[in-house]
Amino acid sequence: METTRVAVVDDHELVGMAVAGLVADEPGLVFARHAPTVSALIGPRCDADVVLLDLSLRDGSTPAANVAALAHWGARVLFLTSAENPYLVREACRTTALGIVRKSAPREVIVDALRAAARGEHVPSTEWASALDTDPLLGAAPLTAREREVLACYASGMGAKEVAAALFVSENTVNDHLRRIRAVYQQLGRPAQTKVELYQRGIEDGFVPAPGSD
Amino acid sequence: MTETVAGGRAELRARRLFAIVAALIATILAAFTPLTALQRGLVVHQSELWMLGALALIALTGLAAPRASARTLRIMAGVAVAGWVLVQVATLWQTAGQAVLTPWVITASAAAVITGLVAGGVALAWGVQLVASVLVLVHRTLLGDITFAGWVNDTQAMLIGIVVAAIGAITLASGRRLDAATAERAAAAAAAASARGRLAARSRAAAVVHDDVLATLTLAGSGLPIPRDLLAAQAARAEGSVRELAAGTFAPTEPFPAELAAEVARRDPAARIEAAGDGAAGLPDDVRAALLGAALQAVDNSIRHAGPGTRRHLVVVARADAVTVTVTDDGVGFDPAALPADRLGVRVSIVERVRDAGGVAEVDSRPGGGTSIRLTWTAPPEPPKPDTTDPRMLRLGVAVIAVVFTVTQLAVAILAVPTARFWWVPLAVCVGLFTATEVLRRSPTAVPSRGRLAAVTGLTLVVVAVGAVLSPFTYADLWFVTTAAFVFVAVAVRGCLRWALAGAAVLLVIVVAVGVSVGASPATVAMSTARAVVVVLLAVGLTRVVAGMQARTARLQERAVRDEERAAWDAAARDELGDRAARVAEHAGPILRRIAAGGELTDVDRRAALAVQGGLRDELRAGRLATPAVAEAAACARARGVDVLLLDDAGDRPDLDLDGVDAWLAALLETARVRAVGRLLPAGRGATASATVDGETTDFGG
Amino acid sequence: MDPITLLIVLLGACAVVLVLLVISLVRVLRGTRRRDGVDDDTAPTVPRPR
C-alpha cells in the first residue's frame, strides 16, 4: 500500500503535532509537515498528498483561494474546522476540497477521512451535508427529490449505511447520489467576496448574534 | 448663485459639453458667411470678417474643451465672449452709415450666450444676451433697418439665447449636485467600510480567540501525545486573549511599522529595514491587517522565488493619514502579467487584499530585474460642504422667460398682421400657441399625462399647419414655426423627450410640405425651420444629460443612506461582541487555567475540556436547541465521552414549534453511548427536529 | 488670393472643425459616462438583523 503524506496548514503548531501523533500509528499514513499558511506550505516540490487545511486561517485568506493554490500545487485538500461558521463551511463545500472534518471528531473519523481523501474520494460528513442542506441556493438547483432526501438524512447525522437502510437502497446508490450532489453544488456560482464581507456574512448567519436577539 | 472655482467631474463635463455645442453653432454660423456672401455676389462686409474671428475663438474653445481643465476652459470661454461682444460694439461703430442691412450673423447670439454660460454661469450668459439684444436694437435703429423680418429674427434669437442659457444653468446645477453627492457617497462609503472593517476585525479577533480556545480544548481532550509545556503555553495565551477580548482591549499594542519590521526581520534576518513614523495609531484594524498580510506575503514570495542570495529591502512609512510600504529585492524577478489567475500569490493575496482595504498595490517586476512591490493607503477625505446653489435665480429665470416669451410673440403677431393674407391668422395662431403652452403649464403632475401631451402637440401642429397654409411663405410670416418649437422645448424640459422630438419632426414636415407645395425657395424653407430645429435639439439633448445626472445623484444618495444605516447597525452589533466574550471567558476560563498550570491532564480533565469545547461550539451553532436542559444533557454526554453535535438549521422557518423538543432531545442524549447529532430542521420538512443517536434516527413533531 | 479660393478654404476649414467637434461631442457624452460610471455596485447588501 502506498503511503500517503499528510500535511497540515493551521495557525496552531500544536494542531500539526496532534495530527502527527494521530497519524503515527496508522499504516499507510505518514506526517509530512505543518505550516501556518498555505503560501508557507507550498514549496517548489509537492511533498504532500493530502493537506488538512484549517477553514479559518488567521492570514485572512479565503478557503477558495487556498484550495485552488493547493490543488495547483498537486495535493488533495480536506478542511479542518473547530467552529462551524455555516457560511464558511458553505464556501468550503463549493471548492474542490474533498470534505470538511471537525477537529474535535473522534480519531477514527479523522483517519477514515484521510484515507478516503488519499484515494481521491469525497468525504461526506454531517457538517458538509448540513451546510448544503440549508443553502438557499440549493433550492433552485437541479437535484432530484431522492437526492435531497439523502442530503437531509446525512445532515441529520446518519452515515451512508444508515441512509441506505432508511431509504431501502444500496450503499453504492447513496454514494452516487452524494457524488452528484457535490458536483451540482460546485457548479453553483457565487461571486468571490472580500474578506470583510466574509466576516460580515459570518455575522449574518449567526456567528455573532445580531443586536436584540438571544 | 454660488459657484466653486474648481468644479467636480460632472460639472466639468457639462461645461465641456456646452463649449463644444457653442463651438458647433459658431462653426455652422461661420460656414454660412461665405454662402451668404456668395449670394450677395461675393461682397463681404468687414464686420463679418471680425465676426468670423470671434466665432473662430468660440470654435477654438470648443476644440480645446475635451482636454482643458476647468480653469483653462473658463478663461478661454471668457476671452471668446469678450471678443464677441467687442466685435458687436465695433460693428456698431463701423457700419453706422455704411451698409443697409444688418448682417444676419451679427444677430445670432446663441453661441456667444452658451460660451458665456461656460465662462461665468447663467448670469454672464444672460448678460451677453442682453448686451447683444440691445446692441442689435441700437444697430438697427441707427441704420433705420427696423423691419418685421428683422424684429422676428431678433426676438427669436433673444428667446433662444435666454432659454438655452436657462436650461444650461439647470444642467450645471445638476452637475454640481451630482459631484457633491459623489463625494459625499465616497466619504460615507469609506467611513462605513472602515467601521465595518473595524467590526470585522473585532469579530475576526473574536473568531481567532474562539479558535485558539477551541483548539486548546480539543487538543487537551484528544489524548494525543502533545508536549505538555507547549499545550500549557497555548492555554495561557488563549486564556489571556479571552480576558482581553472580554475587557474590550483587544488591540495591537505595537505601532504598525515596528510590528511589520519585526515580522519581516523574523523571516529574513539579512533584510534591510527602514521603518519611520508612528502616526498610524489611528489606522483602522482591517487596513492594518491587510497591509501587514500583504507585505509579509510579498516577503514570503521573495524568499521562495527570488533565488538564493537575494537582498531584500523594506521601507515602511506610516503617517496619520497615509501609509506606504515598499518591499524590493534584487532577485530573479518575474513577469506580473504571466501569473495564472487561480494561483494564490501576488494577485489575490496582495493586490486584491490591499484594494479591499482601500489602498493601492503596485507590483513591478521584470525577469532578471528584481522585484518591487509598493503598497499605499491614504485616509479617506473629509466629506465636502453641501452644495449651496441658490434656486431662486433659476425660478426667476423661468418667470422672466415666460414674460419675455409672451410679450415678444404677441408683439410679433401684431406686427405680422399687415403682411398677412388674412388679418386674423397671426392673432389666431398666437392665441392657439399660447393656449397650448398654458395647457402644458397647468398639468397637475410634473410629467404631463399622455392625454395632455397629445392635446398640446396636436393643437400646436394644427395651428402651425393652418398658419402655414394661410400665410405667405416668407421667413417673417412664418414666425410662429419657432414659437411652436418653444412649445416643444417646454415639453422636452418636462422630460417627455420623445413627444418633443416627434412634434418637432412633424412640424418640420408640415412646413417643408407647405413650402414645397407653394414653390418656395429652399433657402426660405431652411431659414424658417432652422432655429426651430436647433432649439428643440438643444433642449432635448440637455434634458437628457440632466436626467442622467439626476438619476445618478439619486442613486448615490440612496447608497449613502444605506451606508449610514449599516454603520448604525454595525455600531450596535459591536456592543454584542463584548457580551459574548464575557461568556466565553466565563465558560472556558477555569479549564484553560487548569491546562495552563501545566500538570498532567487526567481523564476527568480531558472530558471536562471536551465538554466545555462542545458547549462553546454549541453557542455558535446550536441556536435555539441549546436550552439549559439540552445543554446540561449534552455536557454530561460529552463528559461520558460521547461526540455530541447540535445544529440549528431552522433559520426563519415560520411554523417552528419548539415545545417539547428540548425535553425529547435531552432524554435521547442521556441514552447516547458513542455519537449523537441533534438538528432543528429547515423549512419545508415535515418534522421539527431530528436526532441521530448511535446510528438510529428519530424525528420529532410534524 | 482671389475671394473664391478664400471662401472655399473657409468652408473647408469649417467642415474640418465641424467633424472634430462632433467627434469631441460624442466622446464627452459617452466616454466620460463610462469612466466615472463606476457606481460602486460591489457594495454588499445590508445584512438582516435577526
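Residues numbered from 1 in each chain as written. Chains lettered and ligands numbered in written order. Predicted model: local features only at pLDDT ≥ 70, side-chain atom pairs only at ≥ 80, totals over all residues.

On to the overall build of chain B, then. For chain B, the helix and strand inventory stands at 19 helices and nine strands. Long-range pairs, those at least 24 residues apart, make up 77% of the contacts in chain B with a sequence separation of at least 6. (Helix = DSSP H or I, 4+ residues; strand = E, 2+ residues; numbered from the N terminus. Contact = placed C-beta atoms within 7 Å.)

Within chain C, the secondary structure is distributed over one helix and zero strands. In chain C, buried positions account for 12% of the 50 residues. (Buried ≥ 20, exposed ≤ 12 C-beta atoms within 10 Å, placed from the backbone.)

Glancing now at the sheet that holds strand β3 (residues 50-54) of chain A. Residue and element names in this part refer to chain A. Ordered in space as β2-β1-β3-β4-β5, the five strands form an open sheet in which the pairing is parallel. The strands lining the two open edges of the sheet, one partner per strand, are β2 (29-35) and β5 (100-102). Averaged over all pairs of adjacent strands, the angle between their axes in this sheet comes to 25 degrees, without regard to strand direction. Across four bridges, strand β1 (residues 4-9) lies against β3 in parallel orientation. Across the sheet, residue V9 finds its bridge partner in β3, namely L53. (Pairing = 2+ DSSP bridges. Axes fitted to C-alpha atoms, helices over the stretch in contact; angles between N-to-C directions.)

Before going further, it helps to examine the nonpolar core. Residues B:I58, B:A485, B:V489, B:V536 and B:A539 are the most contacted members of the largest nonpolar core, which totals 118 residues. Tallying contributions element by element places helix α6 (residues 148-222) of chain B first for this core, with 18 residues. Excluding residues within four positions of it along the chain, B:A539 makes contact with B:I167, B:V489, B:A492, B:V493 and B:A500. The next biggest cluster of nonpolar side chains, apart from the first, holds 117 residues, and it includes A:L29, A:V77, A:I110 and A:V150. (Core = buried A, V, L, I, M, F, W, Y, C linked by C-beta atoms within 7 Å.)

Attention now moves to the pairing of strand β9 (residues 696-700) of chain B. Residues and elements named next belong to chain B. Relative to β9, strand β8 (residues 689-693) runs antiparallel, the two sharing five bridges. Of the residues in β9, the one forming a bridge with V693 is E696. Connecting β8 to the next strand, β9, in antiparallel fashion are two residues, including D694 with a positive phi near 50 degrees.

As a general point, the strands of a sheet are linked pairwise by backbone hydrogen bonds and lie either parallel or antiparallel. Residue and element names in this part refer to chain B. Across the sheet, five strands lie side by side as β1-β2-β3-β5-β4; this open sheet has mixed pairing. One side of each edge strand has no neighbouring strand; the edge strands of this open sheet are β1 (272-276) and β4 (360-365). Neighbour to neighbour, the strand axes of the sheet diverge by 5 degrees on average, direction disregarded. Note that β1 and strand β2 (residues 312-318) share five bridges and pair parallel. Within the sheet, the bridge partner assigned to A275 lies in β2 and is V316. The sheet strands contacting helix α8 (residues 256-267) are β1, β2 and β3 (322-329), and the helix crosses β1 at an angle near 170 degrees.

The next subject is the confidence of the model for chain C. Residue and element names in this part refer to chain C. Confidence along chain C averages 65 in pLDDT terms, with 58% of residues attaining 70 or more. Contacts for the low-pLDDT stretch residues 32-50, under 50 throughout, to residues beyond four places or in other chains number 19 contacts. Taken over the whole predicted complex, pTM reads 0.51, whereas the ipTM for its chain interfaces reads 0.80. (pLDDT = per-residue confidence, 0-100.)

Next up on the list: the confidence of the model for chain B. Residue and element names in this part refer to chain B. The pLDDT averaged across chain B works out to 80; a share of 83% of its residues lies at or above 70. Here residues 1-7 scores under 50 on pLDDT; set against residues more than four positions off or in separate chains, the count is 16 contacts. In the predicted structure, residues 385-389 sits below a pLDDT of 50 and forms nine contacts with residues beyond four places in sequence or in another chain.

So, on to helix α5 (residues 110-143) of chain B. Counted at 1.5 Å a residue, the expected span for α5(B) with its 34 residues is 50 Å, but the 23 Å between its end C-alpha atoms falls short. At the C-terminal side of α5(B), B:G144 shows a positive phi close to 65 degrees. (Expected span 1.5 Å × (residues − 1).)

Quick look at the pairing of strand β6 (residues 643-648) of chain B now. Residues and elements named next belong to chain B. Of all the six residues making up β6, five are buried; the element is thus mostly covered by neighbouring parts of the structure. With six bridges joining them, β6 and strand β7 (residues 675-680) adopt parallel strand pairing. The residue bridging V644 from the neighbouring strand is A676, located in β7. As a crossover connection, the stretch from β6 through helix α19 (residues 661-670) into β7 is left-handed. (Right-handed = clockwise from strand over helix to strand, strands pointing away.)

Our next topic: the packing of helix α12 (residues 424-441) of chain B against helix α14 (residues 479-493) of chain B. Residues and elements named next belong to chain B. Here α12 crosses α14 at 5 degrees, and the two axes come no closer than 10 Å. Judged by the inter-axis angle, α12 sits roughly parallel to α14. Residue-level inspection shows V429, L433, A436, T437 and L440 of α12 in contact with α14, the latter providing F480, T483, A484, V487, A490 and V491. Tallied by class, the residues present in the contact of α12 with α14 amount to nine nonpolar, two polar and no charged. (Parallel < 35°, antiparallel > 145°, perpendicular 65-115°, else oblique. Nonpolar A, V, L, I, M, F, W, Y, C, P; charged D, E, K, R; others polar.)

Turning our eyes to something else, we now look at the packing of helix α6 (residues 126-133) of chain A against helix α7 (residues 145-155) of chain A. Residue and element names in this part refer to chain A. One way to put it is that α6 packs onto α7 with a least axis distance of 7 Å and a crossing angle of 125 degrees. Considering the angle they form, α6 stands oblique to α7. Handedness of the crossing formed by α6 with α7: left-handed. Taken together, the residues of α7 that come into contact with α6 (itself represented by T126, A129, S130, L132 and D133) are L151, A152, Y154 and A155. (Left-handed = near helix turned anticlockwise from the far one by under 90°.)

Here we take up the environment of B:L665. Residue and element names in this part refer to chain B. Topologically, L665 is positioned in helix α19. Spatially, the C-alpha atom of L665 lies 8.7 Å from that of S690, the residues being 25 residues apart in sequence. Other than its neighbours up to four places away in sequence, L665 contacts L625, V630, G678, A689 and A691.

Every α-helix winds through 3.6 residues per turn, so residues three or four apart in the chain are directed the same way. If you check which residues of α7(A) are buried, you get A:V150, A:L151, A:A152, A:C153, A:Y154 and A:A155. Positive phi shows up at A:G157, right after α7(A), with a value of about 115 degrees.

Another point: the environment of A:A155. As for its position among the elements, A:A155 is in helix α7. For the pair A:A155 and A:A129, spaced 26 residues apart in sequence, the C-alpha separation works out to 4.6 Å. Beyond its immediate chain neighbours, meaning those up to four positions away, A:A155 contacts A:T126, A:A129, A:S130, A:D133 and B:R679.

Before going further, it helps to spend a moment on unusual backbone geometry. Its identity is not glycine, yet A:F168 carries a phi of approximately 60 degrees, on the positive side. Structurally, A:F168 is set in the loop between α8 (160-167) and α9 (171-187).

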